[in-house]
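Examination of the molecular architecture
These are the residues of each chain, in order.
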Amino acid sequence: MASSGARQMDIVGLGLSTLDVLLQIGDMPTWETPGHLSRFGVDGGGPVGTACVAASRLGARVGYVGTAGNDEVAELKIRFLTGNGVDISRLVERYHPETQVIIVYVDEATGERVFSSVRGLRDSALRPSELDREYITSARYLHLDGFHSEAALQAAKWMREAGKQVSVDYARTDADSVSPETRELVEHADVLICGSGFGRALTGHENVWEAGDAVLAMGPTTFVQTEGERGSYTVTPEDRFHTPPFPVDVVDTTGAGDVFHGGYLVGLLKGWDPRTVASFATGVSAVKCTRFGGRKGIPDFNEVADFLRERGVALP
């Protein structure tokens, strides 16, 4: 795709952005006992899409690169990006109904959730030829989630050539290994933030510190593994540490990890040390979890600063 003059970004996200339909329930419905909803909502979702919104709400200049359909559902998905200040000038339209839609069942007692995707979620892959190199490399950070895998790898290579930073997000996994495509993308990353089990699947090491050391040997300079209610674990060449979670009254954990990633990128943009960045991202995620919806609950920067200050954490 030819550039028509790139607007400089702090962060460009390339990956999945969805429309989430949220259903808060006490028990999963069956044909015999359909039950009732205690709460219903519609929100934007997806790992990169939500991280982009979080970073934008926290004050960064953010652009999103991905695909969308051409129906009313796609229009709503796009509105959840633009309404939060995310630039979509390089979004690519597909001439079919929106397929990147997720049904989220939220447990009213714990805030935990189960996801169901609409068939065809991966049918609209972004092609490398559709990318705007100048736009992507205008950013200080490129954030990826492995979706649109060929385009993601191309964009990561461009960022490396430009001397810019690449952040990669991978979800928790119970698998024994990862795909060659996933491994190659990690090798082109500077920052890997992943969910529980990913470090083991990637490196073969059960111990999170050993997994972190192995990841750093692959290319990244920062490894963070998030463990939900157990907090997160960080390994850098100079340090390794555990960041505990902040106790809060959890309403909905939808998007908690994605919001953590957006907060983490903003901390990096601020030039903070890794321990402060991790505490900030943890605070952003904690505040979100006290509210319903993956994006509607994302706080702004001042809310996070106040939340942390009340808990004895002062930002630089």
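Cut-offs applied
- Residues numbered from 1 in each chain as written.
- Predicted model: local features only at pLDDT ≥ 70, side-chain atom pairs only at ≥ 80, totals over all residues.
- Heavy atoms only, no water.
- 1 Å grid on protein atoms, 1.4 Å probe; cavity = no way out; pocket = protein on both sides within 12 Å on 5 of 7 lines; lining within 4 Å.
- Points joined across faces, edges and corners; volume = space filled by probe spheres on them.
- Helix = DSSP H or I, 4+ residues; strand = E, 2+ residues; numbered from the N terminus.
- Phe/Tyr/Trp six-rings, centres within 6.5 Å; stacked < 30°, edge-to-face > 60°.
- Buried < 20%, exposed > 50% of the residue type's maximum accessible area, 1.4 Å probe, protein only.
- Salt bridge = Lys/Arg side-chain N within 4 Å of Asp/Glu carboxyl O.
- Contact = heavy atoms within 4.5 Å.
- Pairing = 2+ DSSP bridges.
- Axes fitted to C-alpha atoms, helices over the stretch in contact; angles between N-to-C directions.
- Right-handed = clockwise from strand over helix to strand, strands pointing away.

The next point concerns the layout of surface pockets. Taken as a whole, the second largest pocket encloses approximately 160 Å³ of empty space. Taken together, Gly146, Ser149, Glu150, Leu153, Tyr170, Ser179, Glu181, Thr182, Glu184 and Leu185 make up the full set of residues lining the second largest pocket. Of all the secondary-structure elements, those providing two or more residues to the lining of the second largest pocket are helix 4 (149-161) and helix 5 (180-187). With four residues, the single largest contributor to the lining of the second largest pocket is helix 5.

Tallied over the entire structure, the rule returns seven aromatic pairs. Between tyrosine 170 and phenylalanine 198 the ring centres are 4.9 Å apart and the planes differ by 5 degrees, which places this aromatic pair in the stacked class. Of this pair, tyrosine 170 sits in strand 10 (residues 165-170) while phenylalanine 198 sits in helix 6 (residues 198-203); the two residues are 28 residues apart in sequence, bridging distant segments of the chain. Phenylalanine 198 gets classed as buried once you look at its relative accessible area, which sits at 4%. Look at tryptophan 272 and phenylalanine 280: their rings are 5.2 Å apart centre to centre, the planes differ by 75 degrees, and that puts the pair in the edge-to-face class.

In this section: the pattern of salt bridges. A side chain of one charge can pair with a side chain of the opposite charge if their charged atoms are brought near each other. Considering all chains together, one arrives at 14 salt bridges under this definition. Its salt-bridge partner being aspartate 132, residue arginine 90 comes within 2.8 Å of it at the nearest N-O pair. One end of the pair, arginine 90, is in the loop between helix 2 (72-82) and strand 6 (92-93); the other, aspartate 132, is in the loop between strand 8 (113-117) and helix 3 (133-137), with 42 residues separating them in the sequence. Aspartate 132 matches arginine 90 in its accessibility class, with the two residues each being buried.

The next point concerns the environment of alanine 156. Its location among the elements puts alanine 156 in helix 4. What makes alanine 156 buried here is its relative accessible area of 0%. Between the C-alpha atoms of alanine 156 and histidine 188, which are 32 residues apart in sequence, the distance is 6.3 Å. In contact with alanine 156, other than residues within four places in its own chain, are Leu142, Leu144, Val166, Leu185 and His188.

Here we take up the environment of asparagine 70. Mapping asparagine 70 onto the fold places it in the loop between strand 5 (67-68) and helix 2. Note on asparagine 70: relative accessible area 39%, which makes it partly exposed. Between the alpha carbons of asparagine 70 and arginine 94 there is a distance of 6.4 Å; along the sequence they are 24 residues apart. With near-sequence residues (within four places) excluded, asparagine 70 lies in contact with Glu93, Arg94, Tyr95, His96 and Pro97.

Bringing the pairing of strand 1 (residues 11-14) into the picture now. Side chains Ile11 and Gly13 of strand 1 all project onto a buried face; the interleaved residues Val12 and Leu14 project onto the opposite face, where all are buried too. Of the pairings in the sheet, the one linking strand 1 to strand 4 (residues 62-65) comprises four bridges and is parallel in character. Paired with valine 12 across the two strands is glycine 63, which belongs to strand 4. Bridging between strand 1 and strand 9 (residues 141-144) involves four bridges; their strand directions are parallel. When the sheet's bridge partners are listed, leucine 14 is paired in strand 9 with leucine 144.

Right, let's talk about the sheet that holds strand 7 (residues 101-107) for a bit. The sheet built from four strands is open, its strands ordered 3-2-7-8 with mixed pairing. The open sheet has two edge strands, strand 3 (39-45) and strand 8, and neither has a second partner. Shown here is a sheet whose adjacent strand axes are inclined to one another by a mean of 25 degrees, direction ignored. Direction of pairing for strand 7 relative to strand 8: antiparallel, over a ladder of five bridges. When the sheet's bridge partners are listed, valine 106 is paired in strand 8 with arginine 113. Across the sheet, helix 2 touches strand 2 (18-25), strand 3 and strand 7, and the angle it forms with strand 2 is around 90 degrees.

With that out of the way, let us pick up the pairing of strand 11 (residues 191-195). Buried residues dominate strand 11, accounting for five of its five residues. Burial of strand 11 is two-sided: the residues Val191, Ile193 and Gly195 facing one way and the residues Leu192 and Cys194 facing the other way are all buried. Two strands pair when backbone bridges link them, and strand 10 and strand 11 are joined in this way by four bridges, in the parallel orientation. Across the sheet, valine 168 pairs through a bridge with leucine 192, a residue of strand 11. Between the parallel elements strand 10 and strand 11, the chain passes through helix 5 in a crossover that is right-handed. In this sheet, strand 12 (residues 222-226) lies alongside strand 11 in parallel orientation, the contact comprising five bridges. Its bridge partner being in strand 12, glycine 195 is matched across the sheet by threonine 226.

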